[in-house]
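# Structural overview for review
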Amino acid sequence: MNSILLAIELLALVGKLVPTLAPAIKNIFDMIKGMDVPDITHDELVVRVDAAQAKLEEWK
Amino acid sequence: MNEDLVKFGGYTLPFLMTAFLAVIYQFHVFSDKMKNLIALLLGVGLSILFLFYKRIPCNIVNIVDYIIYGFLQGAAAVGLWKTLNIQVRGGGRRKIQGFLVMAILMSLVACSSPWRNAAVTTYEVLGIGLTESKSITESLALQGLVTKEQEAKIKEIYNKARAAYISAGNVLKLASGAVDTTSRDAWLLEYDKFLNDFKTLSLEVYNLIKQFKKISLLEVEEAIRKGGAV
């Protein structure tokens, strides 16, 4: 039972990581193809950091 | 831009090479000396490839610089691998495999993106890891595998880790908005400190979860054994 729960938790974690890591993998392919990989802007960084901070809720 | 790549990508080559070595070292056809040599040649080869890839002028100074850089990265990878290998012999194989997976993931992120993107992606990935620890603890508490006191202890460290995470994020925003390289580097140094605090506290949370879960499972087994004896 515990193994099943652990497997489900791991699957959930992988599911959450994929959207974050997928663009990084795409960037690698772009670099291999010789394309320039543009950086994100300061505003985009602020939005992403704020979103990441909001996801990590305080434990009350 | 080159400075940015060196800053964030400079540490990734030894990690990538360690991952390659992890595969090479499984083959017993190579002697240990040969494996070290392969690592050094791999380092030199990759750095020369990088020289051409970046279209850096191929003069003697640049070529010698890159060969030395690659050689040193190869030596660093051998050192890192030797350290890991000792731990594997000590029985920590699963920890090492986990470390390698994390190293490859981080290398992937750092290699593939310019600095803002790399930093924020790493930041997001680390946050997801801690979020999961909260839900895992809550589900263990529901199953009765973690007591209220144990849950409170984990919660306390979690909130400290969260505070470090929030501070790291705020400093990263300041670094991103910095107008010159000097102040940006100073902010990034501050960011690294908060992120290291966060990593240490997160690791403490994971270890506590593992430790409490193990104790409670042993207690359950003991109770079952006693019940069976009665």
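Before any of the text, the structure's been laid out above.
On a predicted model such as this, the values are computed, not experimentally measured, just so you know.

### Points about the overall build of chain A
Of the regular secondary structure elements, chain A holds two helices and zero strands. Across the 60 residues in chain A, those meeting the buried criterion constitute 25%. Roughly 4100 Å² of accessible area belongs to chain A as shown, and the carbon and sulfur atoms make up 70% of that amount.

### Side note on the interface of chain A and chain B
Interfaces are frequently sized by the accessible area removed from exposure as the parts join. Counting from both sides, the interface comprises 32 residues of chain A and, opposite them, 43 residues of chain B. When the two sides are added together, the surface that chain A and chain B hide from each other amounts to roughly 3700 Å², 63% of it contributed by carbon and sulfur. Among the residues of chain A in contact with chain B, A:Gln53, A:Leu56 and A:Trp59 are the three that bury the most area, contributing 24% of the side total. Viewed at the interface, chain B and chain A are joined by three salt bridges. For B:Lys134, the salt bridge is made with A:Glu57, and the minimal N-O distance between the two is 3.9 Å. Counting residues per element, the side of chain A that touches chain B draws most heavily on helix α1 (residues 2–32) of chain A, which supplies 13 residues.

### Some details on the environment of B:Lys155
Of note, B:Lys155 is situated in helix α7 (residues 148–177). Note: C-alpha distance between B:Lys155 and B:Ser133 (22 residues apart in sequence) is 9.9 Å. With residues near it in sequence (within four places) discarded, B:Lys155 still touches A:Trp59 and A:Lys60.

### Concerning the packing of helix α2 (residues 42–55) of chain A against helix α6 (residues 115–142) of chain B
At their nearest, the axes of α2(A) and α6(B) sit 9 Å apart, and the two run at 5 degrees to each other. With respect to α6(B), the element α2(A) is oriented roughly parallel. Residues A:His42, A:Leu45, A:Arg48, A:Val49, A:Ala52, A:Gln53 and A:Lys55 of α2(A) form the contact with α6(B), whose participating residues are B:Arg116, B:Asn117, B:Val120, B:Thr121, B:Tyr123, B:Glu124 and B:Thr131.

### Details of the side chain of B:Glu124
Turning to its location among the elements, B:Glu124 is positioned in helix α6. Take B:Glu124: its relative accessible area is 14%, and that puts it in the buried class. Only 2.9 Å separates the side chain of B:Glu124 from the side chain of A:Arg48, close enough to count as a polar contact. Leaving out residues up to four positions away in the same chain, B:Glu124 has contacts with A:Thr20, A:Arg48, A:Ala52 and B:Tyr165.

### Description of the nonpolar core
Where a protein is soluble and globular, its nonpolar side chains tend to be buried together. Of all hydrophobic cores here, the largest spans 34 residues; its most connected members are B:Tyr123, B:Leu130, B:Ile154, B:Leu172, B:Tyr191 and B:Phe198. Among the elements of the structure, α2 of chain A together with α6, α7 and α8 (181–229) of chain B are those that each provide at least two residues to this core. The element that contributes the greatest number of residues to this core is α7(B), accounting for ten residues. Apart from the residues lying within four places of it in its own chain, the contact partners of B:Tyr123 are A:Val49, A:Ala52, A:Gln53, B:Tyr165, B:Ile166, B:Ala168, B:Gly169, B:Leu172, B:Tyr191 and B:Leu195.

### Quick look at the packing of α6(B) against α7(B)
Residue and element names in this part refer to chain B. Interhelical geometry of α6 versus α7 gives an angle of 165 degrees and a closest axis separation of 11 Å. When the axes of α6 and α7 are compared, the pair comes out roughly antiparallel. Of the two elements, α6 crosses α7, and the hand of that crossing is left-handed. When the residues that make up the contact of α6 with α7 are grouped by side-chain class, the tally is 15 nonpolar, five polar and six charged.

### Side note on a nonpolar patch on the surface
A cluster of nonpolar side chains, contributed by B:Ile60, B:Val64, B:Ile68, B:Phe71 and B:Leu72, occupies part of the molecular surface with about 500 Å² of accessible area. Structurally, B:Leu72 is set in helix α4 (residues 60–89).

Rules used in this analysis
- Residues numbered from 1 in each chain as written.
- Chains lettered and ligands numbered in written order.
- Predicted model: local features only at pLDDT ≥ 70, side-chain atom pairs only at ≥ 80, totals over all residues.
- Heavy atoms only, no water.
- Helix = DSSP H or I, 4+ residues; strand = E, 2+ residues; numbered from the N terminus.
- Buried < 20%, exposed > 50% of the residue type's maximum accessible area, 1.4 Å probe, protein only.
- Areas by Shrake-Rupley, 256 points an atom, 1.4 Å probe, with all protein chains shown as cover.
- Contact = heavy atoms within 4.5 Å.
- Buried area = accessible area lost by both parts, 1.4 Å probe.
- Salt bridge = Lys/Arg side-chain N within 4 Å of Asp/Glu carboxyl O.
- Axes fitted to C-alpha atoms, helices over the stretch in contact; angles between N-to-C directions.
- Parallel < 35°, antiparallel > 145°, perpendicular 65-115°, else oblique.
- Polar contact = N/O pair within 3.5 Å; in protein donor to acceptor, adjacent residues only side chain to side chain.
- Core = buried A, V, L, I, M, F, W, Y, C linked by side-chain atoms within 4.5 Å.
- Left-handed = near helix turned anticlockwise from the far one by under 90°.
- Nonpolar A, V, L, I, M, F, W, Y, C, P; charged D, E, K, R; others polar.
- Patch = residues over 30% accessible without salt bridge, like charges linked within 9 Å, V, L, I, M, F, W, Y side chains within 5 Å.

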